[in-house]
Amino acid sequence: MLLIWSCNSPLENKGNPSEKTKLLLIAQYQDFKSEVNLLDELIRKESNQESIQEQFRKARLGYKKMESLLSFYYPEYSKKLNGAAIDKNDYHDSNRKEVPATGFQVVEELLFTDEVEWEELIIQSGILHGFTQGLEKEVESIEFSDSNIWEAQRLQLLRILSLGITG
């Protein structure tokens, strides 16, 4: 999906497919970052719940546009940004350290309810915002190869098939 668009984009005169894909990813990341910044700002102001929900949808869509490459190159960031809203507890760890869930799915649970818990929503939004900011240097330093781009797209198709449309 991403690859098809990158081949037909206005960036077509700027290098090979790997370079075009990198430019596209950086542009999509910048859009995603601005959507998350606006979401965080609206939540901190405790704005109208409907406008925050709409901005949440825009931010998540921004993430989904670059999910295939982020999941391939940075799987840990991907889990932190859009992992399941279930706290992680390593069964084999002797310390039984519990890692709290973060990301879009946690924010979604807090935001799409009748009674919004603003304190927790502000905390989770801040965490999401922090992960987004931390990802910036990583995205800019990715070195693509044609084979990795194809593999990322293949894995994304498998992920969609295994998780279904809702995943």
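In this text, all values refer to a predicted model and were calculated from it rather than measured experimentally.

Draft legend 1. Main features of the overall build of the protein chain. Tallying secondary structure elements over the protein chain gives seven helices and two strands in all. In the protein chain, the succession of α and β elements from N to C terminus is α-α-α-α-β-β-α-α-α. When each of the 167 residues of the protein chain is scored for burial, the buried share is 39%. For the protein chain, the exposed surface amounts to about 10,000 Å²; the carbon and sulfur share of it is 53%.

Draft legend 2. Seen up close, a negative patch on the surface. A cluster of acidic residues, E46, E117, E119 and E120, forms a negative patch at the surface. Along the chain, the position of E120 falls in helix α6 (residues 118–140). Looking at E120, the relative accessible area reads 31%, which means it is partly exposed.

Draft legend 3. Quick peek at the packing of aromatic side chains. A complete count under the given rule lists nine aromatic pairs for this structure. Pairing Y29 with F32 gives two aromatic rings, centres 6.3 Å apart and planes at 55°, and the pair type is tilted. Of this pair, Y29 and F32 both sit in helix α2 (residues 17–44), separated by three residues, roughly a single helical turn. A relative accessible area of 0% means that F32 is categorised as buried. Their ring planes at 85° and their centres at 6.4 Å tell us that Y74 and Y77 sit as a pair that is edge-to-face. Feature note: the residues Y29, F32, F56, Y63, F104 and F112 constitute an aromatic cluster, connected by ring pairs.

Draft legend 4. Quick peek at α2. Taking 1.5 Å of rise per residue, the 28 residues of α2 would be expected to cover 40 Å, and the 40 Å separating its terminal C-alpha atoms lies within 8% of that figure. N-cap assignment for α2: the residue whose side-chain oxygen lies 3.0 Å from the backbone N of S18 is N16. Taken from the residues just after α2, E46 is the one with a positive phi, measuring 50°.

Draft legend 5. Just the packing of helix α3 (residues 49–73) against helix α5 (residues 104–111), in detail. Two elements in contact, α3 and α5, have axes separated by 11 Å at closest approach and are oriented at 165°. When the axes of α3 and α5 are compared, the pair comes out roughly antiparallel. With respect to the hand of their crossing, α3 and α5 are arranged in left-handed fashion. Together, Q49, I52, Q53, F56, A59, R60 and Y63 of α3 and F104, Q105, V107, E108 and L111 of α5 make up the contact between the two elements. In terms of residue class, the contact of α3 with α5 is made up of seven nonpolar, three polar and two charged.

Draft legend 6. Geometry of the environment of K58. Considering the arrangement of structural elements, one finds K58 in helix α3. Taking the C-alpha atoms as reference points, K58 and E35, separated by 23 residues in sequence, lie 6.6 Å from one another.

Draft legend 7. Structural context of the side chain of E67. Relative to the elements of secondary structure, E67 occurs in helix α3. Once residues lying within four places of it in the same chain are set aside, the contact partners of E67 are N82, Q156 and R159.

Draft legend 8. Quick look at α5. Among the residues of α5, F104, V106, V107, L110 and L111 are the ones counted as buried. The buried residues of α5 occupy one face: seen down the axis, they fall within an arc of 160°. For α5, the elements touching its buried residues are α2, α3, α4 (75–82) and α6.

Draft legend 9. Examining the environment of I26 more closely. Topologically, I26 is positioned in helix α2. Through-space distance from the C-alpha of I26 to that of E140 is 6.6 Å; in sequence the pair is 114 residues apart. With residues up to four places along the chain from it excluded, the contact list for I26 reads V139 and E140.

Conventions adopted
Residues numbered from 1 in each chain as written. Predicted model: local features only at pLDDT ≥ 70, side-chain atom pairs only at ≥ 80, totals over all residues. Heavy atoms only, no water. Helix = DSSP H or I, 4+ residues; strand = E, 2+ residues; numbered from the N terminus. Buried < 20%, exposed > 50% of the residue type's maximum accessible area, 1.4 Å probe, protein only. Areas by Shrake-Rupley, 256 points an atom, 1.4 Å probe, with all protein chains shown as cover. Patch = residues over 30% accessible without salt bridge, like charges linked within 9 Å, V, L, I, M, F, W, Y side chains within 5 Å. Salt bridge = Lys/Arg side-chain N within 4 Å of Asp/Glu carboxyl O. Lys, Arg positive; Asp, Glu negative; His and termini not counted. Charge placed at Lys NZ, Arg CZ, Asp CG, Glu CD. Phe/Tyr/Trp six-rings, centres within 6.5 Å; stacked < 30°, edge-to-face > 60°. Expected span 1.5 Å × (residues − 1). Polar contact = N/O pair within 3.5 Å; in protein donor to acceptor, adjacent residues only side chain to side chain. Axes fitted to C-alpha atoms, helices over the stretch in contact; angles between N-to-C directions. Parallel < 35°, antiparallel > 145°, perpendicular 65-115°, else oblique. Left-handed = near helix turned anticlockwise from the far one by under 90°. Contact = heavy atoms within 4.5 Å. Nonpolar A, V, L, I, M, F, W, Y, C, P; charged D, E, K, R; others polar. Arc of directions from axis to C-beta.

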